[in-house]
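Chain by chain, the residues run as shown.
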Amino acid sequence: MIASHPAGRRRVIDGARFFRLASLASALLVLVALAGILAAMLWGGWPVFRAFGSGFVVSADWDIGRERFGALVAIVGTFSSALIALVIALPVSLAIAVFLTQLAPSALKRPLATAIELLAAVPSIIYGMWGLFAFAPLFARHVQMPVSELVEGMPIIGTILHARVPSGVGVLTAGIILGIMIVPLIASVARDMLDQIPTAVRESAFGIGCTTWEVVRHVLVPQAGASLVGAAMLGLGRALGETMAVTFVIGNANRLSPSLFEPGSTIASRLANEFNEADGLHLNALLALGCILFVITFVILVLARLLIARVAVR
Amino acid sequence: MEATLDTAMSIRAAPPSLVRRRRVADRVMKFACLAATALGVVVLGWILLMVAIEGVRGFSTALFIAPTPGPGSAGGGLANAMLGSLVLSMLGIGVATPVGVLAGTYLAELGGGSRLAATVRFLNDVLLSAPSILIGVFVYALMVRPMGSYSGWAGGVALAIIATPVIVRATEDMLRLVPSSLREAGAALGASQARVITSIAWRAARAGILTGILLATARISGETAPLLFTALNNNSWFDPSLMGGVANLPVTIYQFALSPYENWQALAWAGALVITLFILALSIAARLLLDRKAR
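Remember, it's a predicted structure, so these values are computed and weren't measured experimentally.

A word on the domain arrangement of chain B
Residues and elements named next belong to chain B.
Part 1 of the argument: Segmentation of chain B into domains returns domain 1 (16–57) and domain 2 (61–294).
Part 2 of the argument: Summarising the inter-unit geometry, the C-alpha centres of domain 1 and domain 2 are found 33 Å apart.
Part 3 of the argument: Between domain 1 and domain 2, the contact holds six residues from the first and six residues from the second.
Part 4 of the argument: Here the residues of the side of domain 1 that touches domain 2 are counted per class, giving three nonpolar, one polar and two charged.

Now the structure itself:
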């Protein structure tokens, strides 16, 4: 059959080759996109890196009129809000993962897991609105004001938790909202990792008389080990680059304040606020900020994926 | 394991106080886990409740038929923003679906264990969690600056870059679940590799791939940051040429929520409710689709 229709056969082969090429090209597009993002940032940020050198990273200036730019405030804001988020989210999400895999009655497991995952699907702008209009006023009245008054005059803590104007927005608020946002992400990865541990391992620990907590603490967590660190870093990567939720609640100030109650800004929030009105060196400075954010998140995400993948393969 | 055995040996000889301490620690930690989960559910409930209450207040027929009002003018709706969002999301998913499915197919079926496939697989996971605002900046440099204006096309491309890794991942995972005996049966009948993939593997993994596409749609329809520098926003109905700013729901919500006008703020909440319902419905539909397939 095939031999009698050489033209038909040729078409089949060409179709197959086309299919292979199209698949390969699509796969390469993923690489191109990632490289393109880096290239766009580097190319756009280059004039600023050249003009300010390493001073760009350590300077707290952000004077658009005089064209003096430094990334320090945004970098500090990015890291401090993301680290606060991680400190809040990590214990909560590990506890949720343990509850979902070890403790919950099986009738509750699936609905609860679904609810936590839906929390991850809610767009970040909703978290931002909730943070600004619902959380921030309560936070100002019931946390910022009393705590700020309580610690006033104390060394160190009196500075860290000092609120000049208790408005509810600030670096700590941003960290808390980010923390809420990354809980579902960390919890669902951690849950997958705990689920992958063979039941026999768990059961033998129970068999020698361990309590549930001892099984979790001494058997499951060491088994899941590095992958749980990977899950946490995945959450950290998300928190570092999150834009909308932070922009609503961080206050968007270019001030380097030692107090967590004071407004600040992150790289992403500064991009969101200023990018559309920027031109000239200001635009280059924003792209340079983007470049720094890209490098930071890239490193964190690569580490996270390596840690998670190593366990998944084992 | 040996350490655990040692613990067990010492447990038998343990005094009653140690047993009690272990039991108390167990209770406390169990309760902490329960409390953390309850906290998660309560916060989700609180956020959804607030969006529902504030959003319903802004609901009216005008919301779905009138365009966004200008600064200071009364009334208005979000019809143009909803339509624009729908167009942008469809554009994004329309580009991302073929690219994502083909790339996922390459990773699962064609690339095999090659170094290129491993690299793409790994970097796809990184792109999946890359900050979406940087994708907006990238598309700004790629399209908006050369073309000289914000455009719906740029917005669509930005959304496509966000959706693609989701679809790549889902496609690869789902194709890997297809038993290889199916492929071998096809190959034994003389079907070409492309034929085996399109008629057998894709068909078997259809529900899973569709789930991935639905989840990608849910993800991009709430994305705000990548649209800020690409599609931006507009107060009128979208221009079918998609040149110039295109009204869309997330950016409208962002601008209206932070505005001083009361009717704008009400519209922002109504829009937040619409978008949340849409995304939750999509996510639940995707989950049901996969569950039905799994059963």
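Now that the structure has been shown, the text picks up again.
Concerning unusual backbone geometry
Part 1 of the argument: In this model, Glu67 of chain A sits at a positive phi of 55°, which is unusual for a non-glycine residue.
Part 2 of the argument: Along the chain, Glu67 of chain A turns up in the loop between β1 (62–63) and β2 (68–69).
Part 3 of the argument: On the neighbour-count criterion, Glu67 of chain A (14 C-beta atoms within 10 Å) is partly exposed.
Part 4 of the argument: Phi is positive for Leu232 of chain B, which is not a glycine, with a value near 50°.
Part 5 of the argument: Secondary-structure assignment places Leu232 of chain B in the loop between α11 (225–228) and α12 (249–257).

Describing helix α6 (residues 132–147) of chain B
All names here are of chain B.
Part 1 of the argument: When the terminal C-alpha atoms of α6 are compared, their 22 Å separation across 16 residues agrees well with the 22 Å that a helix rising 1.5 Å per residue should span.
Part 2 of the argument: At Tyr140, α6 shows its maximal bend, which comes to roughly 45°.
Part 3 of the argument: Of all 16 residues that make up α6, twelve are buried, and the element is covered over most of its length.
Part 4 of the argument: Where α6 is concerned, the buried positions are Ser132, Ile133, Leu134, Ile135, Gly136, Val137, Phe138, Val139, Tyr140, Ala141, Leu142 and Val144.

Overview of the nonpolar core
Part 1 of the argument: Formed by 197 residues in total, the largest nonpolar core has its most connected members in Ile186 of chain A together with Val137 of chain B.
Part 2 of the argument: With 17 residues, helix α7 (residues 171–196) of chain A is the single largest residue contributor to this core.
Part 3 of the argument: The residues that make up this core include at least three from each of domain 1 (16–57) and domain 2 (61–294) of chain B.
Part 4 of the argument: Not counting residues up to four positions away in its chain, the partners in contact with Val137 of chain B are Ala40, Met41, Leu271, Leu287 and Gly290 of chain A together with Phe229 of chain B.

Describing helix α9 (residues 193–204) of chain B
Residues and elements named next belong to chain B.
Part 1 of the argument: Across its twelve residues, α9 extends 15 Å between first and last C-alpha, which sits within 8% of the 16 Å expected from 1.5 Å per residue.
Part 2 of the argument: Among all positions of α9, only Ala194, Ile197 and Ala201 are buried. On an axial view of α9, the arc spanned by its buried residues comes to 90°, and they lie on one face. Facing away from the buried surface of α9 by more than 90 degrees, the exposed residues are Ser199 and Arg203.

Here we look at the interface of chain A and chain B
Many structure descriptions define interface size as the accessible area lost when the parts assemble.
Part 1 of the argument: Taken together, the contact pairs 71 residues of chain A with 73 residues of chain B.
Part 2 of the argument: Among the secondary structure elements, those contributing two or more residues to the side of chain A that touches chain B are α1 (6–52), α3 (72–103), α4 (106–121), α5 (124–151), α7, α9 (212–241), α11 (267–274) and α12 (280–313) of chain A.
Part 3 of the argument: A per-element tally of the side of chain A that touches chain B places α1 of chain A first, with 20 residues.
Part 4 of the argument: In the side of chain A that touches chain B, the residues fall into 51 nonpolar, 16 polar and four charged.

Details of the packing of α4 of chain A against α7 of chain A
All names here are of chain A.
Part 1 of the argument: Two elements in contact, α4 and α7, have axes whose closest approach is 8 Å; the angle formed by their N-to-C orientations is 135°. Compared by their axis directions, α4 and α7 come out oblique. Crossing of α4 against α7: the hand is left-handed. Residues Ala113, Ile116, Glu117, Leu119 and Ala120 of α4 touch α7, and the partners they reach there are Pro184, Leu185, Ala187, Ser188 and Arg191.
Part 2 of the argument: Here the residues of the contact of α4 with α7 are counted per class, giving seven nonpolar, one polar and two charged.

How each quantity is defined
Residues numbered from 1 in each chain as written. Chains lettered and ligands numbered in written order. Predicted model: local features only at pLDDT ≥ 70, side-chain atom pairs only at ≥ 80, totals over all residues. Domains from an automatic or database assignment. Contact = placed C-beta atoms within 7 Å. Nonpolar A, V, L, I, M, F, W, Y, C, P; charged D, E, K, R; others polar. Helix = DSSP H or I, 4+ residues; strand = E, 2+ residues; numbered from the N terminus. Buried ≥ 20, exposed ≤ 12 C-beta atoms within 10 Å, placed from the backbone. Expected span 1.5 Å × (residues − 1). Bend = angle between axes of the 7 residues up to and from the residue. Core = buried A, V, L, I, M, F, W, Y, C linked by C-beta atoms within 7 Å. Arc of directions from axis to C-beta. Axes fitted to C-alpha atoms, helices over the stretch in contact; angles between N-to-C directions. Parallel < 35°, antiparallel > 145°, perpendicular 65-115°, else oblique. Left-handed = near helix turned anticlockwise from the far one by under 90°.

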